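Geometric and topological summary
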Amino acid sequence: MQDLNDMLFFAEVVDRGGFAAAGRALHVPKSRLSRRIAELEGRLGVRLLQRTTRKLSLTEAGEIYHRHCVAMREQAEAADEAVARVQNEPRGTVRLTCPVTLAQTTIGPILPRFLAAHPQVRVDMQVTNRVVDLVQESVDVALRVRATLEDSGTLVIKNLGPTKGLLVASPQLLQRFGQPEQPEMLRHLPTVAMSAADARASWNLLGPRAASFELEHRPVYTADDLLTLKFAVLQGTGMSTLPDYMCSEELRSGELVPVLPGWAPRASLVLAVFPSRRGMVPAVRRFLDFLGENIVGERIVGALAP
């Protein structure tokens, strides 16, 4: 059976002008190359090279055979390059889970750009605040917002950046209850919140010079969706903590105002969690790169998914 390596060896010997140079390029001993070319000539039944002490020269048959060997080598290199392009070009399906508010305000608006740039990729996104088992449910990436880096066991975490939240209210609410001047005065204002255990909630606020204040309160309204809470804040039901991205337009228009300037919730982190870097397909790797390139920490929603 023909060994195509012999054709590669022959092309290299000819192109590099000798067995020694070809051996160095191929990391094959000179003696082995000489033996393989001799065996090739024996199998073909024709001399391909004229050997002298000074140089090698091709016979007529050798010139014809050399052209085919070079063509074979070029085709093999082209085949390697084609496979490399397939391996590196994103394609296939990226299975993603994302908290509701993060999907509505940040991921949803930018995902079409990713798909436009990578037409051979599909994204299957579950919009849910449920904590998903990535391995059991065959999910490639889970986006989560957490106060700190979580211990994910065998999972890998990519920190996409910090969030930024604000303590805001409607001007009408502050007209009714007064503008707080100290953190303790916040206790006199009604609140709306994402959750309340036994009807009570707590916000940790950070202020100037690393000061902190724990505001324990009884929300008049709870809903596990920040967009829903925002409607209540706009209508003066109570103050709440909202991400700056979600309320930036309302702050510019004056529909919402900071309750106590200089005091804000503790920053959180937007995390991409995935099973392993080993064996990661190009589509998932490129998607993670895309998130890192396009999510700016200050512009990310600050919702903590349950």
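An account of the accompanying structure is given in this report. (Residues numbered from 1 in each chain as written. Predicted model: local features only at pLDDT ≥ 70, side-chain atom pairs only at ≥ 80, totals over all residues. Heavy atoms only, no water.)

A closer look at the sheet that holds strand 13 (residues 257-258)
Read across the sheet, 3 strands follow the order 12-7-13 without closing on themselves; strand pairing throughout is antiparallel. Pairing within the sheet leaves two strands with one partner each, and these edge strands are strand 12 (240-243) and strand 13. In this sheet, strand 12 lies alongside strand 7 (residues 165-169) in antiparallel orientation, the contact comprising 4 bridges. Following the sheet pairing, glycine 165 is matched in strand 12 by proline 243. Most of the contacts of helix 8 (residues 244-253) go to strand 12, to which it runs at about 100°, and overall it touches strand 7, strand 12 and strand 13. (Pairing = 2+ DSSP bridges. Helix = DSSP H or I, 4+ residues; strand = E, 2+ residues; numbered from the N terminus. Contact = heavy atoms within 4.5 Å. Axes fitted to C-alpha atoms, helices over the stretch in contact; angles between N-to-C directions.)

Let's talk about the packing of aromatic side chains
This model, assessed by the stated rule, comprises 3 aromatic pairs. Ring geometry for phenylalanine 114 against phenylalanine 287: centres 5.2 Å apart, planes inclined by 75°, an arrangement best described as edge-to-face. Of this pair, phenylalanine 114 sits in helix 5 (residues 100-117) while phenylalanine 287 sits in helix 9 (residues 282-294), and the two are 173 residues apart along the sequence. Comparing phenylalanine 114 with phenylalanine 287 shows no difference in burial state: the two are buried. Among the aromatic residues, those joined into a ring-pair cluster are Phe114, Phe287 and Phe290. (Phe/Tyr/Trp six-rings, centres within 6.5 Å; stacked < 30°, edge-to-face > 60°. Buried < 20%, exposed > 50% of the residue type's maximum accessible area, 1.4 Å probe, protein only.)

Structural notes on the pairing of strand 15 (residues 269-274)
In terms of burial, strand 15 is largely enclosed, as 6 of its 6 residues are buried. Residues Leu269, Leu271 and Val273 line one face of strand 15 and the alternating positions Val270, Ala272 and Phe274 line the opposite face, and both faces are buried. Across 5 bridges, strand 5 (residues 141-146) lies against strand 15 in antiparallel orientation. Bridging from a neighbouring strand, alanine 142 pairs with valine 273 of strand 15. As paired strands, strand 6 (residues 156-162) and strand 15 are joined by 6 bridges and run antiparallel to one another. If you follow lysine 158 over to strand 15, its bridge partner there is alanine 272.

Remarks on the pattern of salt bridges
If you walk through the whole model with that rule in mind, you get 10 salt bridges. For arginine 51, the salt bridge is made with glutamate 41, and the minimal N-O distance between the two is 3.4 Å. Here arginine 51, found in strand 1 (residues 49-51), pairs with glutamate 41, found in helix 3 (residues 30-44); they are 10 residues apart in sequence, far enough to count as distant. Among the ionic pairs, glutamate 293 bridges to arginine 286, the shortest N-O distance being 3.2 Å. (Salt bridge = Lys/Arg side-chain N within 4 Å of Asp/Glu carboxyl O.)

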